[in-house]
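So you can see what is in the structure, the chains are spelled out below.
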Amino acid sequence: MSTRRVHRVAAPARKASGSGQPFIIVTGLSGSGKSQAIRALEDLGYFCVDNLPTALIPTLAQLAVRGAFEKAAIVADVREKRFLSSFPAVFRRLQRTKRLNPVLIFLEADNGTLVRRFSETRRPHPMGRNRSVIEGIREERAQMAPVRAMADEIVDTSDMTVHELRQFFMSLSSRDRVRAPLVV
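None of these values were measured; they are calculated from a predicted model.

Asker: Can you help me understand unusual backbone geometry in this one?
Answerer: For residues that are not glycine, phi is negative in most cases, and the peptide bond is trans in most cases. One non-glycine residue with positive phi stands out, namely Asn51, at about 65°. Positive phi, normally seen in glycine, also occurs at Arg99, with a value near 65°. The residue Arg99 is located in the loop between α3 (83-96) and β5 (100-108) in this model. On the basis of relative accessible area, Arg99 is assigned to the exposed category, the value being 58%.

Written out as structure tokens, the structure reads:
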């Protein structure tokens, strides 16, 4: 079994953990496991949206506060053109929202792992369409640095299996005392 590397990052001016409606935002590097993460959260009973435009994040958060669903999780990343320029302000706004407990989780992996994952899927890197995958990865890593610095949890998925990543989200959910219903 491989070792999972998780780095906790203190976020400035955070509300007490567990206070308010759970609202998880998963972001990070392309190929780091965000799609697997959102599937795991969906299995844990979260209302999930993948690739939600940044402009719609506050609307979904307000729906969560109003009780439209018990808990929500989204994936937002560089697939959206305005993500890098607009997300930091949107996230700070969420942090100030009463009765909302936003948690930003940043997934990453080392360059070699990301290159291997892209070669296995045969998909182009979103920032490397007219150049090599490694060039796209390097550009994305540099441009995502400000978002990474805002994260509550930074998870290096380089040595993680899909099952270990799922276990991480299960442990995160149990820390917040949020249980998924038994599925038979």
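Asker: Honestly, the environment of Ser86 in this entry has me stumped. Any pointers?
Answerer: Relative to the helices and strands, Ser86 is located in helix α3. Side-chain polar atoms of Ser86 contact the backbone oxygen of Arg82, separated by 2.7 Å.

Asker: Got a minute to help me understand α3 in this structure?
Answerer: Since one α-helical turn is 3.6 residues long, residues separated by three or four positions face the same way. End to end, α3 covers 20 Å across 14 residues, agreeing with the expected 20 Å (1.5 Å per residue, within 8%). Among all positions in α3, only Phe83, Ser86, Phe87, Pro88, Val90, Phe91, Leu94 and Gln95 are buried. Packed against the buried residues of α3 are β2 (21-28), α2 (57-65), β5 and α5 (133-150).

Asker: Before we go on, may I ask you to explain the packing of α3 against α5 in this structure?
Answerer: How two helices sit against one another is set out by the angle between their axes and by the gap between those axes. Closest axis-to-axis distance for the α3/α5 pair is 10 Å, and the angle between their directions is 15°. Put simply, α3 runs roughly parallel to α5. The element α3 and its partner α5 pack so that their crossing is left-handed. Contact with α3, carried on its side by Phe83, Leu84, Phe87, Pro88, Phe91 and Arg92, involves Gln143, Met144, Val147 and Met150 of α5 and no other residues of that element. For the contact of α3 with α5, the residue count by class is eight nonpolar, one polar and one charged.

Asker: Whenever I open this one, the layout of surface pockets confuses me. Can you help?
Answerer: The rolling of a water-molecule-sized probe over the atoms marks out the regions of remaining empty space. Taken as a whole, the largest pocket encloses approximately 650 Å³ of empty space. Along its surface, the largest pocket is lined by 26 residues, and Ser30, Gly31, Ser32, Gly33 and Ser35 are the ones closest to its centre. Contributions of two or more residues to the lining of the largest pocket are made by α1 (34-43), α4 (111-121) and α6 (162-175). With five residues, α4 is the largest single contributor of residues to the lining of the largest pocket. Across the lining of the largest pocket, the residue classes tally to seven nonpolar, nine polar and 10 charged.

Asker: What is the right way to read the nonpolar core from this model?
Answerer: The nonpolar side chains of a soluble globular protein tend to be buried with one another. If you look at the biggest cluster of nonpolar residues, it comprises 32 residues, and the most contacted ones within it are Phe23, Ile25, Ile57, Ile74, Phe87, Leu94 and Leu104. Of all elements in the fold, only β2, α2, β4 (72-75), α3, β5 and α5 reach the threshold of two or more residues within this core. Residues contacting Leu104, with those up to four places away along its chain left out, are Ile25, Thr27, Phe87, Phe91, Val147, Met150, Ala151, Asp152 and Glu153. One finds Tyr46, Val103, Phe169 and Leu172 within the second-largest nonpolar core, a separate group that totals 20 residues.

Definitions and limits used
Residues numbered from 1 in each chain as written. Predicted model: local features only at pLDDT ≥ 70, side-chain atom pairs only at ≥ 80, totals over all residues. Heavy atoms only, no water. Helix = DSSP H or I, 4+ residues; strand = E, 2+ residues; numbered from the N terminus. Buried < 20%, exposed > 50% of the residue type's maximum accessible area, 1.4 Å probe, protein only. Polar contact = N/O pair within 3.5 Å; in protein donor to acceptor, adjacent residues only side chain to side chain. Expected span 1.5 Å × (residues − 1). Contact = heavy atoms within 4.5 Å. Axes fitted to C-alpha atoms, helices over the stretch in contact; angles between N-to-C directions. Parallel < 35°, antiparallel > 145°, perpendicular 65-115°, else oblique. Left-handed = near helix turned anticlockwise from the far one by under 90°. Nonpolar A, V, L, I, M, F, W, Y, C, P; charged D, E, K, R; others polar. 1 Å grid on protein atoms, 1.4 Å probe; cavity = no way out; pocket = protein on both sides within 12 Å on 5 of 7 lines; lining within 4 Å. Points joined across faces, edges and corners; volume = space filled by probe spheres on them. Core = buried A, V, L, I, M, F, W, Y, C linked by side-chain atoms within 4.5 Å.

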